[in-house]
Amino acid sequence: MPTRGDRHVLVRLVALFLSLAVVATACATNGDEGDAGPTQPGGSGGQERAGELVEGGTLVDLQNFAQGNPDHIDPGLSSTIQGSQPGQLLFDGLTETDYVTGELEPMVAESWESNEAGDEWTFRLRQGVNWHNGEPVVPSDFKFAWERVANPQFASEVAYHLDPILGSDAVAAGEATELDGVVADDEAMTLTVRLEYPYSIFPATVSHLVFSPVPRSEVEALADQSQWERGVMTGNGPFKMAEPWVDDQYIKLERNGDYWGGLEGHNAYLDALEFRISADVDSAYQAFEAGQGQTGYIPPGRTEEALVKYPQHNATEETLGTYYFAFNMNDPVVGGDENLPLRQAMALAIDKQAIVDTVYSGGRQVATGHTPPALPGYEEGLSDIAGAGAPDVERARGLLEEWGGQVTEPIRLNFNAGAGHEPVVQIIQANLEEIGIPSTLDGRDSTTYFSQMRAGEGQFFRAGWIWDYVAYDNGLYPLFHSESIGGDNLAQYDNPEYDELIDTARSTTEEAEANALYRQAETLVLEDVAVVPLNWYTGQIVYDESVNNFIQSPLQFVAYDQIWLEP
Amino acid sequence: MGSYILRRLALVPLLVWGAVTVLFVVFFVMPGDPVQQLVGERAVPETVRANIEARYGLDRPVWVQYGRYWRQLATGDLGESYQNRREVSSIVADTGAASLRLATWAVLIEVVVGITTGVVSAVRRYSFVDALTTVSTTMLVAVPVFVLGYLFQYAFGVFTFQNDLPEWLRFPVQGIGPDSWTLFFLPTNGQWRYLVLPAFALASVSTALVARMMRSTMLEVLRADYMRTAMAKGLSERQVVLRHGLRNAMIPVVTLIGLDLGILIGSAVLTETVFNWPGMGTAIFAAILTQDAPVVLGLVLVLVVAYIFINLLVDLSYGLFDPRIRYGDEGAR
């Protein structure tokens, strides 16, 4: 998924000027700081305050669409976190990751089991889960939904999530309309899914929004499936759509009074939820400051100021996202086993804390591994080099001597220009210079940057990854498995030992065992220094004192159904 | 006059053809990949790419796509957005209406405030009012629109809210609000509260320019012989200035205002962005960033046609202000 900050070059420039304007106005109003601010509750850092739970009210959200109109909100089409947020509230899938513990929980499926090999999964569906129109949700609604996503005419950009399912390629190629591997038994309320290969994390995979059920009777009649999201989509979640999405303005939801209860066993507390859509982060935040909504998104560069003003925020909670630099392992200068000491030295030279402090005003966490701590199965300290928390210049110099080579051409630091990465790259350049490695900034046009990196044109390059679902595999297979070269394995990392660990983990249905294998695999990548994780993303949301029980999942979705407002 | 208008209108197809062709070439020469834009930073799997390209005919050669676009256009179909699959015609209708409304109000402000200030400061040359006008217009021209917009938001949104000032001083800082209008232009149901800040922000620079131009052309006119004659006839200063002076001084100002209307409709990106006003400027800007060719083409086409008409109207209006200007056959006599 695209990270939040990578769009709108010009807007960024604008933001810069705006911050200057803020400084000017802040100076002018400094005098009445003490008594002003009805938005300042006493005390600090209090996420929860004791108080009577109150139902009702409308929450106006200014954070989710602070960066513009979503491309899609149809669960079968949405490829961004923001666009998927309404869908998370409108649709309940088979499984769901608990937003607090990160554990996989039963949702519409009350239980599931697999065969010995882990390539056939049977989900038993709960009775009493209904569509917003009162019809019951049955297994064939899932089968229909998945076939809809895989259909070539639908041309969904997120259809690839269905790849593990047997027969998905035939549907995608237009050779079949039904998924061979999926059997829905509406009488017995079971859904049986056969997969192309053993895949132990399949139950976690189906927690992704793209696997949501779709009400067949309503959708089938549409001439163009992609127009469903233009009307009122009927779902089965805690909220329903109050009216059709108004482009560039808002998406309005209201409580589903007949909800089956979900993980927490209750209806949504809010009467209504209005997502405001804004064209610009800074002015969305301005609207939050003007009291025109209860939740806001902190614009780039304003974290420090925002945290002082609004004690209620999630800016220190890490999410499942990693910002990293990686080496092109095919590059003659930095790639290959013989250049391992050079990569190690470069990894040890980088001052990750300085990057977090100066570029993200302390709003992110220094990464000491590729997989963030928010993931179940995470363990600390998998590597002391790529995962070093602080630079070690002495050791780096020693490694360079051991390497014995000479960097004749400056090493290219590749990044997508104009997306706010310049200051990061400048710090890295300075760090490398300290150990005597010359480097040059290679900022590229962001529209072609990633395809160039994919083609192996990078040397030491920036990228980021946000997990799709809470599974160790989702950060390792797409990024470093040899099958993913040409895809998201930008480092061109090709290690048979690594591949085997991942393949074994995928067919290991015992979770703890599988996670141990994934950790071994991650350790390999880190020890090979194919990647240098720099920091883990944290939340960027502030909310006012009326908002209670604010919970954001590691996947950056907010549990709006758990929020209650103090009148 | 009729044939003059016809000749001008004959240019429309030529300009439309030019715009479409240039944009087509630009989109294909420009590096980038619209399909990649749909999935962000991630890799696009082959089948996904193939299906999306087939949906939009992106797998065909440029000239085939170019021909297809013209055939579509001939039936009045502007195609579908790659990014969100909306009908381009509905995007054009929505954003066009929003832009036109905002631009019209901005131009009204420009006309009323700009011309009045300009005339007053010309007539009361070197007075305090004149000095104030000169200083304030200079400042307005120098302040970028988005900074001004942001200050408006702060002053009438954040500041008034955080200091508990009365409700009527707190303006919505974002969005088009109820989007409720009568006779297309007149805000109803509290719509005006959403309109005020962006309209003034958008009008700011142009108002200052109009005031300055009005002042200088007015000063020139005031020195003209016919003005002295009019005075000598015994007309009051008010009559002389308004009936003889203003009318003659208007021509360059009308040109400026007319061109401005066109610019404000299509290029109000900054104001629209800051106030989240869903107009054409932001739509074009966003579409260019995501390489959403059908949306850019559709919006630009409509703008080209709109510019031509506005220019025509400006030219025709000269006749009203200066009787010596006649168009077409009559002028040739």
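Since this is a predicted model, take the numbers as computed values, not measurements.

Here's the deal with the overall build of chain B
- When helices and strands are counted, chain B shows 14 helices and two strands.
- By residue count, 50% of the 333 residues in chain B fall in the buried class.
- Taking as baseline every contact in chain B between residues at least 6 positions apart, the subset at least 24 positions apart corresponds to 71%.
- Only carbon and sulfur atoms are counted for the fraction: they give 69% of the accessible area of chain B, which is about 15,600 Å².
- If the 26 positive side-chain charges of chain B are averaged to one point and the 24 negative ones to another, these points end up 9 Å apart.

Describing the overall build of chain A
- The helix and strand tally for chain A stands at 16 helices and 20 strands.
- Relative to its length of 567 residues, chain A is compact, with a C-alpha radius of gyration of 24 Å against a globular reference of 24 Å.
- Within chain A, the proportion of its 567 residues that are buried is 61%.
- Sequence separation of 24 or more characterises 72% of the internal contacts of chain A that already satisfy a separation of 6 or more.
- Surface summary for chain A: the accessible area is close to 20,200 Å², and the carbon and sulfur share equals 47%.

Quick word on the sheet that holds strand E7 (residues 190-194) of chain A
Residues and elements named next belong to chain A.
- Strand order across the open sheet formed by four strands is E4-E5-E7-E6, with antiparallel pairing between neighbours. Bordering the open sheet on either side are strand E4 (109-114) and strand E6 (182-185), each of which pairs with just one other strand. Each adjacent strand pair in this sheet contributes to an overall mean axis angle of 15°, direction not counted.
- Contacting strand E5 (120-125), E6 and E7, helix H3 (residues 139-150) crosses the sheet at an angle of about 150° to E6.

A closer look at the domain arrangement of chain B
Residues and elements named next belong to chain B.
- Under the domain assignment, chain B is made up of domain 1 (11-74) and domain 2 (91-321).
- At the interface, 16 residues of domain 1 touch 12 residues of domain 2.
- Summing the contributions of domain 1 and of domain 2, the shared interface buries around 1,200 Å²; its carbon and sulfur component is 81%.
- Three residues stand out in domain 1 for area buried against domain 2, namely Leu23, Phe27 and Gln37, and they jointly supply 38% of the buried area on that side.

Re helix H10 (residues 237-266) of chain B
- Its 30 residues give H10(B) an end-to-end C-alpha distance of 40 Å, which sits within 8% of 44 Å, the value for a rise of 1.5 Å per residue.
- At Ile251(B), H10(B) shows its largest kink, close to 50°, and the proline Pro252(B) lies no more than four residues downstream.

Comments concerning the domain arrangement of chain A
Residue and element names in this part refer to chain A.
- With domains assigned, chain A is organised as domain 1 (9-313 + 540-565) and domain 2 (318-538).
- Just the C-alpha atoms count here: the centres of domain 1 and domain 2 sit 29 Å apart.
- Facing 28 residues of domain 1, the contacting portion of domain 2 comprises 25 residues.
- In total, about 2,100 Å² of surface goes out of reach between domain 1 and domain 2, with carbon and sulfur atoms giving 59% of it.
- Among the residues of domain 1 in contact with domain 2, Ser200, Pro554 and Leu555 are the three that bury the most area, contributing 24% of the side total.
- On inspection of domain 1 and its partner domain 2, the count reaches zero salt bridges.
- Of all the secondary structure elements, the ones that give two or more residues to the side of domain 1 that touches domain 2 are helix H1 (9-29), helix H5 (202-205) and helix H8 (303-309).
- Along the lines of polarity and charge, the residues of the side of domain 1 that touches domain 2 split into 11 nonpolar, 14 polar and three charged.

Description of the packing of aromatic side chains
- Considering all chains together, one arrives at 31 aromatic pairs over all chains under this definition.
- Three or more aromatic residues joined by ring pairs form one cluster here, namely Trp112(A), Phe123(A), Phe142(A), Trp146(A), Phe202(A) and Phe211(A).
- A cation sits over an aromatic face here: Arg42(B) above Trp465(A), 3.5 Å from the ring centre.
- The ring of Phe154(A) carries the charged tip of Arg85(B) above its face, separated from the ring centre by 5.9 Å.

Considerations on the environment of Thr447(A)
- Within the element layout of this structure, Thr447(A) appears in the loop between strand E15 (439-444) and helix H13 (449-454).
- Assessed through its relative accessible area of 15%, Thr447(A) is described here as buried.
- Along the primary structure Thr447(A) and Gly486(A) are separated by 39 residues, whereas in three dimensions their C-alpha atoms are 17 Å apart.
- Setting aside residues up to four positions removed in sequence, Thr447(A) forms contacts with Pro31(B), Gly32(B), Gln37(B), Leu289(B) and Gln291(B).

Description of the side chain of Arg343(A)
Residue and element names in this part refer to chain A.
- Looking at the secondary structure, you find Arg343 in helix H9 (residues 340-349).
- Buried and without a salt bridge, Arg343 has Asp337 as its closest oppositely charged side chain, separated by 5.1 Å.
- A distance of 3.0 Å separates a polar side-chain atom of Arg343 from the backbone oxygen of Asp528.
- Other than its neighbours up to four places away in sequence, Arg343 contacts Phe327, Met329, Val334, Gly335, Gly336, Asp528 and Val529.

What to know about the nonpolar core
- With 219 residues, the main nonpolar core has Phe123(A), Trp146(A), Ile165(A), Ile428(A) and Phe460(A) as its most contacted residues.
- Core analysis: the next-biggest nonpolar cluster, separate from the first, contains 13 residues, Tyr285(A), Phe288(A), Tyr310(A) and Tyr154(B) among them.

Let's talk about the interface of chain B and chain A
- Chain B puts 48 residues into the contact, and the matching count from chain A is 70 residues.
- Buried surface at the junction of chain B and chain A, summed over both partners, amounts to about 5,000 Å²; 55% is from carbon and sulfur atoms.
- On the chain B side of the interface with chain A, the three residues burying the most area are Glu41(B), Arg42(B) and Tyr150(B), jointly 18% of the side's total.
- The interface formed by chain B and chain A holds four salt bridges in total.

A closer look at a nonpolar patch on the surface
- Nonpolar side chains collect at one region of the surface, where Leu11(B), Leu14(B), Leu15(B) and Trp17(B) lie side by side and expose about 400 Å² of accessible area between them.
- Its location among the elements puts Leu11(B) in helix H1 (residues 2-29).

Points about a negative patch on the surface
- On the surface, Glu103(A), Glu510(A), Glu511(A) and Glu513(A) cluster together to form a negatively charged patch.
- Within the secondary structure, Glu103(A) sits in the loop between strand E2 (95-97) and strand E3 (104-106).

A closer look at the confidence of the model for chain A
- Looking at chain A, pLDDT values average 89 and 91% of them are 70 or higher.
- Contacts for the low-pLDDT stretch residues 1-48 of chain A, under 50 throughout, to residues beyond four places or in other chains number 85 contacts.

Looking at the pairing of E4(A)
All names here are of chain A.
- Strand direction decides the pairing type here: E4 and E5, joined by five bridges, are antiparallel. Paired with Trp112 across the bridge in E5 is Phe123.
- Linking two consecutive strands that pair antiparallel, namely E4 and E5, is a turn of five residues; a positive phi of about 85° is found at Gly118 within it.

What to know about the sheet that holds strand E14 (residues 411-416) of chain A
Residue and element names in this part refer to chain A.
- Pairing is mixed in the open sheet, where six strands are placed in the order E13-E17-E12-E16-E14-E15. Each edge of the sheet is formed by a strand with only one pairing partner; in this case those strands are strand E13 (365-366) and E15.
- For strand E12 (residues 318-327) and strand E16 (residues 460-466), the ladder comprises seven bridges, and the chain directions are antiparallel. Within the sheet, the bridge partner assigned to Tyr324 lies in E16 and is Ala463.
- Here helix H14 (residues 473-480) sits on the sheet in contact with E12, E16 and strand E17 (531-538), set at roughly 145° to E16.

Observations concerning the environment of Ile355(A)
- Of note, Ile355(A) is situated in helix H10 (residues 352-359).
- The residues contacting Ile355(A), other than those within four sequence positions of it, are Ile350(A), Tyr360(A), Val424(A), Ile427(A), Ile428(A), Leu534(A) and Asn535(A).

Observations concerning unusual backbone geometry
Residue and element names in this part refer to chain B.
- Residue Asp164 is not a glycine yet carries a positive backbone phi of 55°.
- Topologically, Asp164 is positioned in the loop between helix H7 (145-162) and strand E1 (181-182).
- For Asp164, a relative accessible area of 55% gives the class exposed.
- Even without a glycine there, the phi angle at Asn189 is positive, about 55°.
- Mapped onto the fold, Asn189 is located in the loop between strand E2 (186-187) and helix H8 (191-222).

Thresholds applied
- In this convention, every chain numbers its residues from 1, walking through the sequence in written order.
- The order in which chains are written sets their letters, starting at A; the order in which ligands are written sets their numbers, starting at 1.
- Local features are withheld for residues below a pLDDT of 70 in this predicted model, meaning they are given only at 70 or higher, and side-chain atom pairs are given and counted only at 80 or more; totals for whole chains, interfaces and linings count all residues.
- Only heavy atoms go into the side-chain values, all of them from the structure, while hydrogens and water stay out.
- Helix and strand assignments follow DSSP, with helices taken as H or I runs no shorter than four residues and strands as E runs no shorter than two, numbered in order from the N terminus.
- Here's how the labels work: a residue is buried when its accessible area is under 20% of the maximum for its type, exposed when over 50%, partly exposed in between, all with a 1.4 Å probe on protein chains only.
- A contact between two residues is defined here by any heavy atoms of the two lying within 4.5 Å.
- Computed with a 1.4 Å probe, the accessible areas rest on the Shrake-Rupley method; for each residue, only the protein chains presented here act as cover.
- The charge count treats Lys and Arg as positive and Asp and Glu as negative. His and the chain ends do not count.
- The atoms used to mark charge sites are NZ of Lys, CZ of Arg, CG of Asp and CD of Glu.
- With C-alpha atoms as the basis for the radius of gyration, the globule rule is written as 2.2 Å multiplied by the number of residues raised to the power 0.38.
- Pairs of strands are assigned from DSSP output, requiring at least two bridges between the strands.
- What counts as an axis is a line fitted to C-alpha atoms, over the stretch in contact for a helix, and the angles between N-to-C directions run from 0 to 180 degrees.
- As used throughout, domain bounds are those supplied by an automatic or database domain assignment.
- Summed over both partners, buried area is the accessible surface (1.4 Å probe) that two parts give up on being assembled.
- Here, expected helix span is obtained from the residue count minus one, scaled by 1.5 Å.
- Two axes enter the bend calculation: one fitted to the seven residues ending at the residue in question, the other to the seven starting there, and the bend is the angle between them.
- Whenever Lys or Arg places a side-chain nitrogen within 4 Å of a carboxyl oxygen from Asp or Glu, that contact is recorded as a salt bridge.
- Charged means Asp, Glu, Lys or Arg here, nonpolar means Ala, Val, Leu, Ile, Met, Phe, Trp, Tyr, Cys or Pro, and polar covers whatever is left, Gly included.
- Think of it this way: a Phe, Tyr or Trp ring, Trp meaning its six-membered ring, pairs with another when their centres are within 6.5 Å, and the plane angle makes it stacked under 30 degrees, edge-to-face over 60, tilted otherwise.
- Comment: the charge-over-ring label is applied if NZ (Lys) or CZ (Arg) is within 6 Å of the ring centre and within 35 degrees of the ring normal.
- Identification of polar contacts relies on pairs of N or O atoms within 3.5 Å, with a donor-acceptor requirement for protein atoms, meaning one able to donate a hydrogen and the other able to accept it, and with residues adjacent in sequence counted only if both atoms are side-chain atoms.
- By convention a nonpolar core is built from buried Ala, Val, Leu, Ile, Met, Phe, Trp, Tyr and Cys residues, the set being connected through side-chain atoms within 4.5 Å.
- Here the term patch refers to residues with relative accessible area over 30% and no salt bridge, with like charges joined within 9 Å and nonpolar side chains (Val, Leu, Ile, Met, Phe, Trp, Tyr) within 5 Å.
- For every residue, the predictor reports its confidence as pLDDT, a number between 0 and 100.

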